[in-house]
Each structure stands twice: as structure tokens, then as C-alpha cells.
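Read off the chains here:
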Protein chains: 2
Amino acid sequence: MSKRQKTAIRSRRVTAVDVAHLAGVSRSAVSRTLTEGASVSSETRRKVLRAAEKLGYHRNALVRGMINQRSGIVGIVTGSLDNPFIAEGLERLSLRLQQEGLKTLIYSGDAESDLQVALPSMIEYRVDGCFFLSNDLSPNAAAKYTKLDIPLVVVFNSNMRGISDHGADIPVGAVSVDNVEVSARVADLLVDNGRQRFAYMAGLPRATTNRERRRGFEEGLIARGRKLDALQVGNFNYEDGCIAARKLLSQDERPDAIYCANDAMALAAIDVARSEFDLDVPNDLAIVGFDDINIASYPAYDLTSVRQPVEEMINVAADLMLRLIRDPAQRPMEIRLKSELVQRASTRRA
Amino acid sequence: MSKRQKTAIRSRRVTAVDVAHLAGVSRSAVSRTLTEGASVSSETRRKVLRAAEKLGYHRNALVRGMINQRSGIVGIVTGSLDNPFIAEGLERLSLRLQQEGLKTLIYSGDAESDLQVALPSMIEYRVDGCFFLSNDLSPNAAAKYTKLDIPLVVVFNSNMRGISDHGADIPVGAVSVDNVEVSARVADLLVDNGRQRFAYMAGLPRATTNRERRRGFEEGLIARGRKLDALQVGNFNYEDGCIAARKLLSQDERPDAIYCANDAMALAAIDVARSEFDLDVPNDLAIVGFDDINIASYPAYDLTSVRQPVEEMINVAADLMLRLIRDPAQRPMEIRLKSELVQRASTRRA
DNA sequence: ATGAAAGCGCTAACAA
DNA sequence: TTGTTAGCGCTTTCAT
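Described in the following lines is the structure provided in the data block. Model, not experiment: these values are computed from the prediction.

### Considerations on the sheet that holds strand E4 (residues 152–155) of chain A
One open sheet accounts for 12 strands, arranged E11(A)-E5(A)-E4(A)-E3(A)-E1(A)-E2(A)-E2(B)-E1(B)-E3(B)-E4(B)-E5(B)-E11(B); its pairing is mixed. Looking along the sheet, the strands with just one partner apiece sit at the ends: strand E11 (334–337) of chain A together with strand E11 (334–337) of chain B. Between one strand and the next, the sheet's axes are offset by a mean angle of 20 degrees, whatever the strand orientation. Inspection of the sheet shows strand E5 (residues 173–177) of chain A paired to E11 of chain A by four bridges, in the parallel sense. Paired with Ser-176 of chain A across the bridge in E11 of chain A is Arg-336 of chain A.

The structure is reproduced here in C-alpha cells:
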């Protein structure tokens, strides 16, 4: 039994050879017709296209990837999509990559331990590059994987300014915002607002986003002759934010201003303050968040928050990645964009 | 110049041949070592593993996929991740697929026109199957692609019960909930609650989820001697939900109960009612949503909603897909799960 | 248990 | 512009 017959039994997928036969041309002609900017006579092209259409031919991208050493697939490792901010980043990024003709292999899972599973598998699939979208990825974590010669770009996080965990600078691209500066402006806002006792609700302690925001806030307060009066950790999520808020609001000297390292925790603070402590936000208590997710602007919360320019960050990150992929000599760089403090009712005194 | 030399210039990736050389065995031995349940002496295996480790070898999954006609990649097409419900579904599904050793190629974009881009590209990458996670995918849309012999499973949507747009049943798997039944129970709840004028806020008109929810609600009202007094379309999103809410609440005979086809619109209804019409929810107006996203339970809203068992739905869908992939003779099936009406403050009269 | 050899479906370099 | 000829890196019979 010939091999063609054998495979035919299980309804073999149609290949370029089949198309070539039907069109009465060589397999190369088929390949060329389907390749941008190859030279084919319009006559041949027409024949090929007709045959392909008739046979329902779809070229095999896996094989193409194998041949030109470029899979056309980009990996994205994300933290939990429970965070609308991360979800938005993922959506925008995958949209952009689609526009660039790239496919997106995702891996979601927050723990750093997940990386140890995600990365090898990304490598087996020969992704052309890999993004990390997370509000918590230590430079260390990413750096561990730079020996693999695929470009890595971290979005939303960065290396802690002026502090290098590794002594050397780490060859991973990063796009983030001016967390320190804007957090100082949050301090200004609250001081100008006449607040007296200042608290910070921290995200995941190791996250650079968290550390920078805290530092900027604290420095900003000190610059105005105040100090950070209280701190609780909310781990960037609503549930832990509720617990942290309870602790902060149960204190003897209750804070009258809380800066939260992200919006999820800020919503928690508002909910707890109102429903459990019967406090009036903003009159008894000012709350500021970070990220400016959609819900922040809903009337039920009307939360003052720091807006990260997600769209721009994603585009900058994608540009960087494309450069890195196209030219391996390119050095990854760390990029900081400006964020914007959006004032809403949660800090507006009656 | 030999070809080996030529490619070596651009730092060629290490291949199985390299490992075989270093280990002093044949390439087949390497392949077998890395394949479950192939026969290799532990001696050889050890040598191979050591060499692979030393060289930093990662087998090429693209080539494997090409050879055994199974890429190990599954596609997921999702609607906007702006909807937390879809985002949760995506996260759970990709997690489950990871556990099964499958990779996830995603394509997000809501319009049906996107499908025409997404599907061909999924096919080129030879996905083993494809999921659709969307609160709006007409059976027609999916059916168009069944000629491609890859298994398709739609989650959250289904074919309209008793109505076949195609005359024949469509060979696409589907996992959804008992939208009609539960919506009738929503009607019961509101009637029992003493409400008088009933409105429905519709999602995307063509979506079967939307049509089933409306039908169940309407039938439920009629069964209780009432009727649907008003209807506005909110397209499943917050912004359009606000507009729809304004229209409903500006009517002469203002409804005192609104059933919204999803939570995003229900939040909009609550926000508009309170902030623009100065109404008390639930005393002046009862609101019911659908999906039971996290925010629904936040004190600021405390929304009565219909909980879809996302985790179970995803697992059932994944099971179905795995069966379909492993045994091409399997017929896709349509599965309905039971949803749960969760009562909260938005319908609880003082 | 192991190696040799024949592909998987496609692209690219080379002649013609 | 076209067809021919080598591969890309791996898996898998088939002998041994």
C-alpha cells in the first residue's frame, strides 16, 4: 500500500502539493503565491488561488515557523485576570499583536513558580518573544530567564529605581510609569485637602510597583512636613484590601486619608469604611487608588485614582518587542511613562 | 562554506543531533528518551538527559506538532475582556488547558467579522480545537466554520431552544445554563416582592443568552398574570446600560423592577437610578442582574443576580473538547447546567 | 534496546 | 518567472 493511500484513509489535510497538482504548477509556485513579494505571474497566481480555494487549502504555519526560524507566535504571561487592569492590558496587547500579524500564546497564573512551568513550554513552542503583564514580577524572576535568547518585556513593573537586585543591569525590557513622582503628588493632594493622618495600603510587598508607590508617597509627605502614620498590606486584591481596611480603621488614631496601591484595594477601603464603619467618604475619609480601572469612575465609588496610560504602555511595549525580535543586536530598555492623577469625589471635601 | 558553518554564525539553536553527538548516541535515542513510554535503557536515558541539560536543549514543539498531526495548541476566541465574566472564563479555561498539557492561542475581539480573521489563522496554526467564550455568538456564526474539521465548543451561548436557525442541528459543542427557567424564577421573585411594573434590559439582541433570558422572564410574568411593561437594549455593557436605564426611568409609568441581561448593565441601572433619579434601590426600584460577577456582591451594589457556575461550565466544556479531540467520531453535544438565583439587597424591600 | 532511513509540509537557493 | 533540489528538526517504522 502506497503511503499516500495510507494517509488518505484518515482524511489527510490538503497540502501545497495537492494544490500544485490541481493548478498544474510546481509546489514552489504555490508557496510563492502565498508569500508577500515573491515573483509570480498573475496567470499562475490566479490558477493557484483558484485551486487553493477549491481544495480548502490552508498553509501550515507550524512548518513555516520551523523553516524560517520564526514562529510568528508571541507569549504573554499574565497575573490574574481578576484584576481588570491586567485584563485590559492583555486585551489591548493581543489586539495589537494581531494587527502585527502575530499570534498570542497565553499563560495565566500569578505565582513565580508558574513561570518555571510557563517559560520552558513557551520555549518549546519557539515563541519569538515573551511579555509579562503583572503588577508583581520581581526583576529577579524575569532575569532568571534571560539566558534563553528570546526577548522579554515586562509591562507595568520595572526595576526598582536606583536599586539593582543583581548588581548588573538586567537585560529585560520594561515599561512602567513614574510611580514615585505621581505618588508624591498624591501626598500633595491629600495634604492640600487638609487631611491629617495618612495611611498607605500596600500591594504585594515585593512588587516594585508597590515599593515605588509607597516610597513616593512617604517622601511626598515628608516634603510637606508630614509623615506616614499607618500601613497595612492588602496584596493588590479586594479581599485582602477589606481586611487591611478594617485594621486601619479600627486604630485608635484613625487615618483620615488612605492611599491604596491599586484600585481593587481602594474599592475595598470605600466599601468597608461605609458599610462597616459608617464613615462618609470623602468627608470623614479620603481614598485614593491606582490604575483608574473603569469601575473607579462609576458613581457608586467615584474614586480618585492614578491613571496609567495603558494603551500607550502597551503600544510602547509592543514597539520595543518588535524591535527586539527584528534586530537581536538591540538592547532591551527600560521605559517610564507619565501617569495622571484623576481627581474625583473620593477626595473632594463637601 | 558548509551549511552547518553558515547557520552556526547566527547562534543556531541546539538540536537533537547536538545532544546525540554529545551523548554519543543516535538522534533516535534522544527522541525516545524524551517520549513517554518509549523503550530506552536507563543508561542511555541518563546520558541523553545529561547532555540535554548541559546544552540547554529544548525540543521543538512546532516540529513535533507537524509530525504527529497534533499541535497541542487549542484556540480560544473571546469577546471583550472588559466583561469580568468573560475574563474569568478565559482564566479558568486556560488554567485547565495548561493542566492538560495544552497550549492556548487566544484571539480576542467581539465582532463576528473578527471571526473571519481569527479562524483561518487558528487553522494555519493547526489548533487541535477551538473554544468560543462570548455572551454573543450566534450559532450561525459558529456553524459557518464546522466544515473545517476541527472541534468547536461554544461556552455561555447555545442554540435557541426549539429554534434552529439552520433547520438541521449544528455540529458545534455548547455549554450554557438554563436561561429560560431561571429567568422565570426571577419573575417570580419580583412578583412575590410586590413589584408592579416590570422592565427588561436586553443585551445584544441577536445573542441567544439574551433572547432566552427575555423569553423566560416574559413567560414567567405571564404565568403570574403580569406582563412585561417595558424593554430597552443595553448591549451587555455598562455605557449602553446607562443610556437604557435613563430611558426606562424617564417613562411616565416608571418601572419599579428591572431585570438586566447581565451584571454590567445592572450596575449601570443602579448607578443611574441612584445618582441621576435619586431613587432608592431597592425600595423604589428592584434590580436583578445576571452572571454574578465579583462586583455584584460588593456592598456598594449588593446586587441580586443569577450565578452561572463558571468553573463547572469551563470544566464540562474542556471535558467535551478533550473527547472531541481524542475521538473524531464523537458527536459534539449541547449541555445545559443549572444556574442559581442569588438574592441580595437590590431586591430586598425594607 | 538501538541505529538507519524515510518522511512530515513547507521554503529558499539555484538553475534554467 | 519557473521548476528542481536541498534541507528545517523531529518521529517513527524497520531491521539489527
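### Let's talk about the protein's contact with DNA strand D
Near DNA strand D you find 24 residues, and of these Ser-28, Ser-41, Thr-44 and Met-66 of chain A together with Ala-16 of chain B are the closest. Counting only atoms of DNA strand D within 4 Å of the protein, the fraction found in sugar and phosphate groups is 59%. For DNA strand D, a phosphate oxygen lies 3.1 Å from a polar atom in the side chain of Ser-26 of chain A. A distance of 2.9 Å separates a base oxygen of DNA strand D from a polar side-chain atom of Ser-28 of chain A.

### Regarding the pairing of strand E1 (residues 73–78) of chain A
Residue and element names in this part refer to chain A. Counting buried positions along E1 gives six out of six residues, so the element sits mostly inside the fold. As paired strands, E1 and strand E2 (residues 103–108) are joined by six bridges and run parallel to one another. Residue pairing for E2: Thr-78 is matched across the bridge by Ser-108. In this fold, E1 hands off to helix H6 (residues 84–99), which returns the chain to E2; that crossover is right-handed. Summarising the sheet, E1 and strand E3 (residues 129–133) pair through five bridges and their orientation is parallel. The residue bridging Val-77 from the neighbouring strand is Phe-132, located in E3.

### Remarks on the relation of the copies chain B and chain A
The operation relating chain B to chain A is a screw motion whose rotation component is 180 degrees, with 0.1 Å of axial translation and a residual RMSD of 0.2 Å. Look at the turn and shift together and you get a two-fold axis relating the two. Taking C-alpha positions as the reference, the residue of chain B nearest the rotation axis is Leu-105 of chain B, at 2.2 Å.

### Some remarks on the nonpolar core
Counting residues in each nonpolar core, the largest one holds 166 residues, and the members touching the most others are Phe-131, Phe-217 and Ile-287 of chain A together with Phe-131, Phe-217 and Ile-287 of chain B. Leave out the neighbours within four places in its chain, and Phe-131 of chain A touches Val-74, Gly-75, Ile-76, Val-77, Leu-93, Leu-97, Val-153, Val-155, Ala-317, Ala-318 and Met-321 of chain A. Judged by nonpolar contacts, the second largest core, of 45 residues, contains Val-127 of chain A together with Val-127, Leu-137 and Ala-174 of chain B.

### So, the sheet that holds strand E10 (residues 304–307) of chain B
Residue and element names in this part refer to chain B. If you walk across this open sheet you meet the six strands as E7-E6-E8-E9-E10-E12, and the pairing is mixed. The open sheet terminates on both sides in strands that have one partner only, identified here as strand E7 (228–233) and strand E12 (340–342). Across the sheet, the mean angle from the axis of one strand to that of its neighbour is 20 degrees, orientation sign disregarded. Here five bridges tie strand E6 (residues 198–202) to E7, and the two strands are oriented parallel to one another. Bridging across to E7, Phe-198 finds its partner in Leu-228. Against the sheet, helix H10 (residues 208–223) touches E6, E7, strand E8 (257–260) and strand E9 (286–291), its axis set at about 170 degrees to E6. Strand contacts of helix H11 (residues 238–250): E6, E7 and E8, with the helix running at about 150 degrees to E7, the strand carrying the most contacts.

The rules we used
Residues numbered from 1 in each chain as written. Chains lettered and ligands numbered in written order. Predicted model: local features only at pLDDT ≥ 70, side-chain atom pairs only at ≥ 80, totals over all residues. Heavy atoms only, no water. Pairing = 2+ DSSP bridges. Helix = DSSP H or I, 4+ residues; strand = E, 2+ residues; numbered from the N terminus. Axes fitted to C-alpha atoms, helices over the stretch in contact; angles between N-to-C directions. Near = heavy atom within 4 Å. Polar contact = N/O pair within 3.5 Å; in protein donor to acceptor, adjacent residues only side chain to side chain. Buried < 20%, exposed > 50% of the residue type's maximum accessible area, 1.4 Å probe, protein only. Right-handed = clockwise from strand over helix to strand, strands pointing away. Least-squares fit on C-alpha atoms with pLDDT ≥ 70 in both. Core = buried A, V, L, I, M, F, W, Y, C linked by side-chain atoms within 4.5 Å. Contact = heavy atoms within 4.5 Å.

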